[in-house]
Amino acid sequence: MADSLPQGEHGSGGSPRLPLIDATRGVMLLAMASYHFSWDLANVRLVSWGVASDPLWRAYAAAIAGSFLLLSGVSFRLAERNGFDLFRYANRLLRLAIAAAAVSIATYLVFPDAWVFFGILHMMLLASLLAPLLVRLPNAVLILLAAGALVLPQVWRSPTFDGIGWGFLGLAETPPVANDLVPLFPWIAPYIVGLVTGGPLTRLGERQAWPLPRRTHWLAWIGRHSLLFYLLHQPLLYGLAVGLATLIPVDPAVQRAGFVTDCRLEYERHGATEEMSERFCGCVAASVDDTGIWESREDDPSFGPLLATAVQACQVQPSGEVPDSLAPEGTDDSD
């Protein structure tokens, strides 16, 4: 979430920061933290919210990501209003590259099967690399490019782009599994819109100071330290969620709902429809309801055979028969 200006009151060449932009970024960072903490609570089975699958939660996440990219585009346009500064630009790229690598490494260690190989910071880095070229194009062309980026992954995908190597494009027929995937298409679109929007804002900003409302300067402070906030907030929030999970008694209903959600996500990744996944995962959960499997958050080796038996039984149900190749990999334990 690093913006295009240095972390100070002025950019190079005497370009003043716009506190309202910093405050807006601060609001977005808090919204992002609220989503991530909700995901953390669901991941450790403290709540049964379908953060990773519910359409409203997914829309909330998309709105946050899109807002960050739009504001990043605006920030790039504002930063270069007094001329392109190569040193400042290179410094921004370096900070984003280091931060993106840190996120990838950390998530690979914690979630090796769903690590973040191309998340929001990776997308910002790629967009920043393209920005010096994009910003020179007429606004009409930029708007057409943004519209094309939004539409392309909706109308054309190809198995040629399957696999993690091409995952950053967003054109795979079967997208790779990741806890955060923000590919070039369609996510370059809000960044381009930010570049277009930044032009009028630049001219407006030169005529007035854009003062902050009272008692909102702390939001601007957060916005000025956005990259640090991004890197630190999730380890702290996830640690808090894990700590709470050790203190709060297990709710079997939440454990069961969390399993069904995870099962459905995994099943649908393998090509099943929502109806098939709902029927199959509900069957598996019902088959082990009397085994005590939902009474603990910890893995128990004895539950593996129980789940394997339930999976096989539910696959041969006349109402839920599906190919063995679609059997969800995540149904061999209680997580």
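Okay, so let's go over this structure. As the structure is a prediction and not an experimental result, all values here were calculated from the model.

Let's talk about the state of the cysteines
Next up, step 1: What the rule picks out here adds up to two disulfides.
Next up, step 2: Disulfide pairing places Cys-263 opposite Cys-281 at an S-S distance of 2.0 Å. Its S-S torsion of about -80° marks the bond between Cys-263 and Cys-281 as left-handed, since a negative value means left-handed. Pair noted here: Cys-263 is in helix α9 (residues 252–269) and Cys-281 is in helix α10 (residues 274–287), with a separation of 18 residues, a long-range link.
Next up, step 3: Of the residues examined, Cys-263 reaches a relative accessible area of 1% and is grouped as buried.
Next up, step 4: Residue pairing for Cys-283: its cysteine sulfur links by disulfide to Cys-314, the two sulfurs lying 2.0 Å apart.

So, a nonpolar patch on the surface
Next up, step 1: Taken together, the side chains of Ile-105, Tyr-108, Leu-109 and Val-110 make up a nonpolar region of the molecular surface, amounting to roughly 440 Å² of accessible area.
Next up, step 2: Relative to the assigned elements, Tyr-108 resides in helix α3 (residues 86–110).

Points about the pattern of salt bridges
Next up, step 1: Scanning all chains against the criterion turns up six salt bridges.
Next up, step 2: Close ionic contact of Asp-289 with Arg-256 constitutes a salt bridge, the shortest N to O distance being 2.8 Å. With Asp-289 in the loop between α10 and α11 (303–315) and Arg-256 in helix α9, this residue pair connects regions lying 33 residues apart in the sequence.
Next up, step 3: With its nearest N and O atoms 3.5 Å apart, the salt bridge here joins Arg-279 to Glu-275. Note that Arg-279 and Glu-275 are positioned in helix α10 at a spacing of four residues, about one turn of the helix.
Next up, step 4: Taking relative accessible area as the criterion, Arg-279 reaches 33% and is therefore assigned partly exposed.

Calculation rules
Residues numbered from 1 in each chain as written. Predicted model: local features only at pLDDT ≥ 70, side-chain atom pairs only at ≥ 80, totals over all residues. Heavy atoms only, no water. Disulfide = S-S within 2.5 Å. Helix = DSSP H or I, 4+ residues; strand = E, 2+ residues; numbered from the N terminus. Buried < 20%, exposed > 50% of the residue type's maximum accessible area, 1.4 Å probe, protein only. Patch = residues over 30% accessible without salt bridge, like charges linked within 9 Å, V, L, I, M, F, W, Y side chains within 5 Å. Areas by Shrake-Rupley, 256 points an atom, 1.4 Å probe, with all protein chains shown as cover. Salt bridge = Lys/Arg side-chain N within 4 Å of Asp/Glu carboxyl O.

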